[in-house]
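Close look at the chain arrangement
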Amino acid sequence: EVQLVESGGGLVQAGGSLRLSCAASGFAFDDFAIGWFRQAPGKEREGVSCISNSDGNIYYNDSVKGRFTISADDAKNTAYLQMNNLRPEDTAVYYCAAVVCYMDYGMEVELDYWGQGTQVTVSS
């Protein structure tokens, strides 16, 4: 059974940092790229970043370039999103999913399984 569990969100002031974790199970983690998405109230789901350890592909949404860093630890079946210099517009529920990750372009959901997400709230 495919499971993706997001954690690490919280409430921070603008300029603060958080590290999100995505714990995966039920599929071969190293055979898929992992993507991070976010959804704010009244907004559509937005791709944030993805990473593919198998081919080195990495993508960052322009809005987070230079502030967020994505990584994946195949041994732990876990992906991370280090978020620095957070802004109020980063406020959203963050989700992860198994994706195809296109270098410097974007991503496409490969396995349509989602966890509960983790809430990130950035105050001004």
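I will try to describe carefully the structure that is included in this document. Remember, it's a predicted structure, so these values are computed and weren't measured experimentally. (Residues numbered from 1 in each chain as written. Predicted model: local features only at pLDDT ≥ 70, side-chain atom pairs only at ≥ 80, totals over all residues. Heavy atoms only, no water.)

1. Thoughts on the side chain of Asn61
Short version of the rule: Per the convention used, a helix needs a DSSP run of H or I reaching at least four residues, while a strand needs a run of E reaching at least two, with both numbered from the N terminus. In this scheme, a residue with accessible area under 20% of its type's maximum is buried, one over 50% is exposed, and one in between is partly exposed, where area comes from a 1.4 Å probe on protein chains only. Side-chain atoms alone can form a polar contact between residues adjacent in sequence; in general such a contact is a pair of N or O atoms within 3.5 Å, and within protein one must be able to donate a hydrogen while the other accepts it.
Its place among the elements puts Asn61 in the loop between strand S6 (58–60) and strand S7 (68–73). Owing to a relative accessible area of 14%, Asn61 belongs among the buried residues under this scheme. Separated by 2.9 Å, the side chain of Asn61 and the backbone nitrogen of Ser63 make a polar contact.

2. Topic: the environment of Tyr113
Short version of the rule: The contact criterion used throughout is that any non-hydrogen atoms of two residues lie within 4.5 Å.
Topologically, Tyr113 is positioned in the loop between strand S10 (106–111) and strand S11 (118–123). Through-space distance from the C-alpha of Tyr113 to that of Ile58 is 21 Å; in sequence the pair is 55 residues apart. In this structure Tyr113 touches Val2, Leu4, Cys96 and Ala97, once residues within four positions along its chain are discounted.

3. Some details on the pairing of strand S5 (residues 46–51)
As a reminder of what qualifies: Strands were regarded as paired on the criterion that DSSP finds at least two bridges between them.
As paired strands, strand S4 (residues 33–39) and S5 are joined by five bridges and run antiparallel to one another. The residue of S5 that forms the bridge with Gly35 is Cys50. The hairpin turn running from S4 into S5, its antiparallel successor, is six residues long, and Gly42 in that turn takes a positive phi close to 75°. Between the antiparallel neighbours S5 and S6 lie six residues, among them Gly56 with a positive phi of about 80°.

4. Let's talk about the packing of aromatic side chains
Filter applied, for reference: Centres within 6.5 Å make a pair out of two Phe, Tyr or Trp rings, where for Trp the six-membered ring is used; the pair is then stacked when the planes are under 30 degrees apart, edge-to-face when over 60, and tilted otherwise. Two thresholds decide whether a charge sits over a ring: the Lys NZ or Arg CZ must be within 6 Å of the ring centre and within 35 degrees of the ring normal.
Here the structure, examined in full by the defined rule, presents four aromatic pairs. Summarising the aromatic geometry, the rings of Phe37 and Trp114 are spaced 5.2 Å apart at their centres and angled 70° between planes, so their arrangement reads as edge-to-face. Note that Phe37 is positioned in strand S4 and Trp114 in the loop between S10 and S11, a separation of 77 residues in sequence. Looking at Phe37, the relative accessible area reads 6%, which means it is buried. Ring centres of Tyr102 and Tyr105 lie 6.3 Å apart, and the angle between their planes is 80°; on these two criteria the pair is classed as edge-to-face. Lying across the ring of Phe37, Arg45 places its NZ or CZ 5.3 Å from the centre.

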